[in-house]
Structures are given as structure tokens and as C-alpha cells.
Amino acid sequence: MQAINVSIGFDARLWAQDIAGSRAHAAMLGAQKILTAEDVAAIDAGLVEIAAEIEAGTFKFSDALEDIHTNVEVRLTERIGDAARRLHTGRSRNDQVATDFRLWVRGAIDDVTAQVQDLMLAMATRAAEHAGSVMPGFTHLQTAQPVTFGHHLLAYVEMLSRDAGRLHDARRRLNECPLGAAALAGTSFPIDRYATAEALGFNRPTANSLDSVSDRDFALEYLSALSILAMHLSRFAEEIIIWCSSPYRLISLSDAFTTGSSIMPQKRNPDAAELTRAKTGRIFGSLLGLLTVMKGLPMAYAKDMQEDKEPVFDATDAISLCLAATAGMVRDLTADTARMAELAGSGFSTATDLADWLVRVLKMPFRDAHHVTGQIVRLAEGKDVDISQLTLEDMQSVEPRITAEIFGVLTVEASVASRVSYGGTAPANVAAQAKKWLEQLS
């Protein structure tokens, strides 16, 4: 029973939040004349001393005392005597743990958001450096149209900005204080829940005592936001792995973020990216695990909810490591701009520019231009050359009205420069967007 019931092995991480909540609760009890000033002073001093013990590593956590709340309370009783036994007036472990957990998740959101913004800054910095570096743009992992490396990186900045927004929204919704809801029905003591909410940095107290102790939406929403963030990091990790591979060689990573092979000395494996990709699975699993725990629970608190913390702690550790690794790789990578430019022109990537020219100059309907372009591409394939290497006569054999002007739009540089629509890959656009993000993130 002790083995399945005990939680101190993982909820010891809540010690700072537990002590902060108890100090706020004691101060409120004193202000409401429920506790004497002497008791409040003794409790507060004792809690400060216990915090110092935990920080110093001298506090002895006991499995026999089950959880962080009891471990702290028993130690406080050893230090100050009966005053410690009065601390629990007007509260339960149910509202206590709900408050501690909200405080912990709120702090984790702040930390993860700061890491997301650091990664955005790293990507925007590299995007500014490579605003004009052409590279192949892909759909279906097939060469589609030329883009710039800076534009590609800024796509992830946009994704990460939405991740930061989701974390911000989750923080706003969780920022209500359950303390004082007691076991499930509130308390008969004249407590001031607004005072404890304000002391702990919450916007307001929770409005329903049943919901206060049984809600874990804040943890689920946090894990959901982390799961989407992890998916974005995994997509970028996959691209790093592809870009580093021998067939592509678009970028390289130093030994700081790669490992060697045990038998092949020439290899440099992108293990940081691969592990970032892999850790997505455990973060997804944390979300699904907690959803499964919560799905069948009736009101109000049930011991099942003890299983809420480990997945949140584990997912937070994993995402923090992935964010640090990804930011490190972005700052470490070296782009092979010559190779990027070489591949940017492969696979008839400027075919769309040819079709656009037929529409713009010859006033051809786009569907007709699409058909003509397809014929020209097949002609180039038959000659084993790029469309820009066809002669004017070759092109005119398909569409007689084509002029030599067409060759001015068939380079990758001309292609990217022409994409001037808002959000497009034109280097001027990319430079402006990178500058905007750098100013915002700084």
C-alpha cells in the first residue's frame, strides 16, 4: 500500500510552491484573526527555515509521510510545535495540491515560453543572414519552387510564435487560485480567498469549490500546447536530418551537435536532431496518459489525480531539453549556400515562373499556360537539360509566341526575387520579416 500510495518521490518538486502556498495561507489566517500573530510568525519563520534546508540538501524526505505536503507539515511541527498543527485550518490537501500544481505549471509555462522565444531569436537571426540564400522549396519532398533559406527558417518562427501564444493562453486560464476550496465544499471559517489569490500572483480565486479540487484542465491544456510545440520541433529536426544527409548536403553541424559512428570514422550523425524527433513520442504520451486518467473520474477529488504530476514533469523536462538542443543546432549549423543554389534549380523548379510569364506577357489563360509549360518540361526531359538550357527555337516549337525575354525569368534568383506578394520569399520580404522579428524578440 505504501509503495502504490506514496508520491514524495516525484512531488518533492513542488516544495517551493507548497511552502509559498502555506505562507500565504498562514498570513491570511492571521489577517482574518483565525490564527494569532504569534502563531503566524512562528509558522512563517519555520517555513522559511525548511525552504533553506531543502535548498541546502539537508532536508530528509520520508516515504512514510507520503507526499510533499505532509513532509513539510511534519518537519514544521518538529520545529515549532503546536502552531504548525493550526496551519491546516480552512484548507485540505485537495485544494493545497491543486494550488501547488497550478503554481508549478505556471512557472513551467514561463520558463518554456522563454526558451521558445530564444529559439525564435536564433532562427530569426539566421534568417536575416540568409535572406537571399536560395534553396529548393519542396512539396511532397519533391523540388517545387526556389525559396530562400531565410524564408524557410521564418516559417518555423511563425509556428513557434503560435506555440508561445498557446502557452500564454493556457497560463491566463490557469491563473485562478483553488486555495480555500478545502476538500470539495469550501470551509466554514471566515477566510479571505481573494487575499491568498493575490499573494500568490493569481488573478482571482476559483469560483466553484468542486471544480477547484477536481479540475486538471490547466495541466491538460499545458500538455496539449507542449505536444504541438514538440511536433513543430520534430518537423524541424527531420529537416535538419534530411539537409545533413549525403544526397542533400545543404547544411552541416559541428561535432558539438553530432556523434561519430562506432565503426565508420567518416560519419557525423545528427543525433541531437534525431533525439529531439524521438522525444515527441513521450510528450504525446504524457498528454494521452493524463487524458486517460481524467476521463472517467466523477466529482470531486480522487486519488487517481496523483498520476497527474509525473507526465507533466516528464514532458516539461523533455521539451526544455529539445528546445535547448534545437536552438543550439540553429546557432551551430553552417549552410552550404552553393549547394543550396545548385539544388534550387533542379527538378525544373522555375517551371511555374515560365507559366506565370505566359499568363502575364502573352495573356494566356493559366490552365493553357500550365499545359504549354508541361509540354516544354517534357521536351527538356527528353533532351536531359533544364528548361533554361533549351533554345528559343525549342520553346517556340511548343508555343510560337515565346520570345527571348523568357530566359530572364528562368533563373532561381529571378524566381525568388519575383515572389514579392506579402509573405512571399523575395529576399526583400524575408529581410523585412526577419528585422521585424528581431526587433520584437529583442
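Everything below is about the structure shown above.
Q: I tried to follow the overall build of the chain on my own but got confused; where do I start?
A: Across its full length, the chain holds 19 helices and six strands. Expected size for 442 residues packed as a compact globule is a radius of gyration near 22 Å; at 30 Å, the chain overshoots this value by more than 25%. Viewed in the frame of its principal axes, the chain has a C-alpha envelope of about 100 × 55 × 40 Å. The buried share of the chain, reckoned over its 442 residues, is 49%. By sequence separation, contacts in the chain at least 24 residues apart represent 75% of the contacts at least 6 residues apart. When the accessible surface of the chain is split by element, carbon and sulfur atoms take 54% of a total near 20,200 Å². Side chains of the chain carry 42 positive and 56 negative charges; the gap between the two charge centres is 2 Å.

Q: Please clarify how empty space enclosed by the protein should be interpreted in this entry.
A: In this approach a probe as big as a water molecule rolls over the atoms, and the regions it shows empty are the leftover space. Across all of its chains, the model carries one cavity of 30 Å³ or more by this definition. What the largest cavity holds in volume is close to 40 Å³. Asp18, Ser22, Leu47, His69, Val72, Glu73, Leu76, Leu87, Arg91 and Gln96 together form the lining of the largest cavity. Elements that contribute at least two residues to the lining of the largest cavity include exactly α3 (15–31) and α5 (68–80). The leading source of residues in the lining of the largest cavity is α5, at four residues.

Q: Help me understand unusual backbone geometry in this model?
A: Both trends apply: most residues other than glycine have a negative phi, and most peptide bonds are in trans. Omega for the bond connecting Met299 with Ala300 falls within 30 degrees of zero, at 0°, which places this linkage in the cis form. Counting through the fold element by element, Ala300 comes out in the loop between α12 (271–294) and α13 (309–332). With a phi angle near 60°, Ala182 is a residue other than glycine that sits in the positive phi range. Within the secondary structure, Ala182 is located in the loop between β3 (176–177) and α9 (193–199). The residue Arg249 is not glycine, and still its phi comes out positive at about 55°. Counting through the fold element by element, Arg249 comes out in the loop between α11 (217–244) and β5 (251–252). Overall, Arg249 belongs to the partly exposed group, its relative accessible area being 44%.

Q: Just checking my understanding: could you explain the pairing of strand β1 (residues 134–139) for this structure?
A: Regular strands place their side chains on alternate faces of the sheet. Across six bridges, the pairing between β1 and strand β2 (residues 142–148) is antiparallel. Bridge assignment links Pro136 to a residue of β2, and that residue is Pro146. Hairpin connection between β1 and β2: a loop of two residues separates the two successive antiparallel strands, and His140 in this loop has a positive phi of roughly 60°.

Q: In this structure, what is going on with the pattern of salt bridges? I would like to understand it.
A: Pairing between side chains of opposite charge can happen when the charged atoms of each approach one another. Evaluation of the coordinates by the stated rule reveals 28 salt bridges. Note that Arg419 is salt-bridged to Asp356, the shortest N-O span being 3.3 Å. Of this pair, Arg419 sits in the loop between α18 (412–418) and α19 (427–441) while Asp356 sits in helix α15 (residues 351–362); the two residues are 63 residues apart in sequence, bridging distant segments of the chain.

Q: Explain the packing of α3 against helix α7 (residues 93–129) to me, please; I cannot follow it from the model alone.
A: Describing two packed helices takes the angle between their axes plus the distance from one axis to the other. At a minimum axis distance of 9 Å, the contact between α3 and α7 shows a crossing angle of 120°. In this view, α3 runs oblique relative to α7, as classed from their interaxial angle. Note on packing geometry: the crossing formed by α3 with α7 is right-handed. Residues Gln17, Asp18 and Ser22 of α3 touch α7, and the partners they reach there are Gln96, Asp100, Leu103 and Trp104. Across the contact of α3 with α7, the residue classes tally to two nonpolar, three polar and two charged.

Q: Even after reading the chapter, I still don't get a nonpolar patch on the surface, so can you show me in this structure?
A: On the surface, Leu184, Leu210 and Met299 cluster together into a nonpolar patch covering about 280 Å² of accessible area. Positionally, Leu184 belongs in the loop between β3 and α9. With a relative accessible area of 41%, Leu184 lands in the partly exposed category.

Q: Quick question: what am I supposed to make of the environment of Lys60 here?
A: Mapping Lys60 onto the fold places it in the loop between α4 (37–56) and α5. Note on Lys60: relative accessible area 75%, which makes it exposed. For the pair Lys60 and Arg75, spaced 15 residues apart in sequence, the C-alpha to C-alpha distance is 9.2 Å.

Q: Where do I start with the state of the cysteines in this structure?
A: Every disulfide links exactly two cysteines, by a covalent bond between their sulfur atoms. Under the defined criterion, the tally for this structure stands at zero disulfides. Note on Cys322: no disulfide assigned, nearest cysteine sulfur contributed by Cys244 at a separation of 17 Å. With relative accessibility at 4%, the residue Cys322 sits in the buried group.

Q: Just checking my understanding: could you explain the packing of α7 against helix α8 (residues 149–174) for this structure?
A: Where α7 contacts α8, the two axes come as close as 9 Å, and the packing angle between them is 165°. Classified by the angle their axes make, α7 and α8 are roughly antiparallel. Viewed along their axes, α7 and α8 form a crossing whose handedness is left-handed.

Reading the values: the criteria
- Residues numbered from 1 in each chain as written.
- Predicted model: local features only at pLDDT ≥ 70, side-chain atom pairs only at ≥ 80, totals over all residues.
- Heavy atoms only, no water.
- Helix = DSSP H or I, 4+ residues; strand = E, 2+ residues; numbered from the N terminus.
- Rg over C-alpha atoms; globule rule 2.2 N^0.38 Å.
- Buried < 20%, exposed > 50% of the residue type's maximum accessible area, 1.4 Å probe, protein only.
- Contact = heavy atoms within 4.5 Å.
- Areas by Shrake-Rupley, 256 points an atom, 1.4 Å probe, with all protein chains shown as cover.
- Lys, Arg positive; Asp, Glu negative; His and termini not counted.
- Charge placed at Lys NZ, Arg CZ, Asp CG, Glu CD.
- 1 Å grid on protein atoms, 1.4 Å probe; cavity = no way out; pocket = protein on both sides within 12 Å on 5 of 7 lines; lining within 4 Å.
- Points joined across faces, edges and corners; volume = space filled by probe spheres on them.
- Pairing = 2+ DSSP bridges.
- Salt bridge = Lys/Arg side-chain N within 4 Å of Asp/Glu carboxyl O.
- Axes fitted to C-alpha atoms, helices over the stretch in contact; angles between N-to-C directions.
- Parallel < 35°, antiparallel > 145°, perpendicular 65-115°, else oblique.
- Left-handed = near helix turned anticlockwise from the far one by under 90°.
- Nonpolar A, V, L, I, M, F, W, Y, C, P; charged D, E, K, R; others polar.
- Patch = residues over 30% accessible without salt bridge, like charges linked within 9 Å, V, L, I, M, F, W, Y side chains within 5 Å.
- Disulfide = S-S within 2.5 Å.

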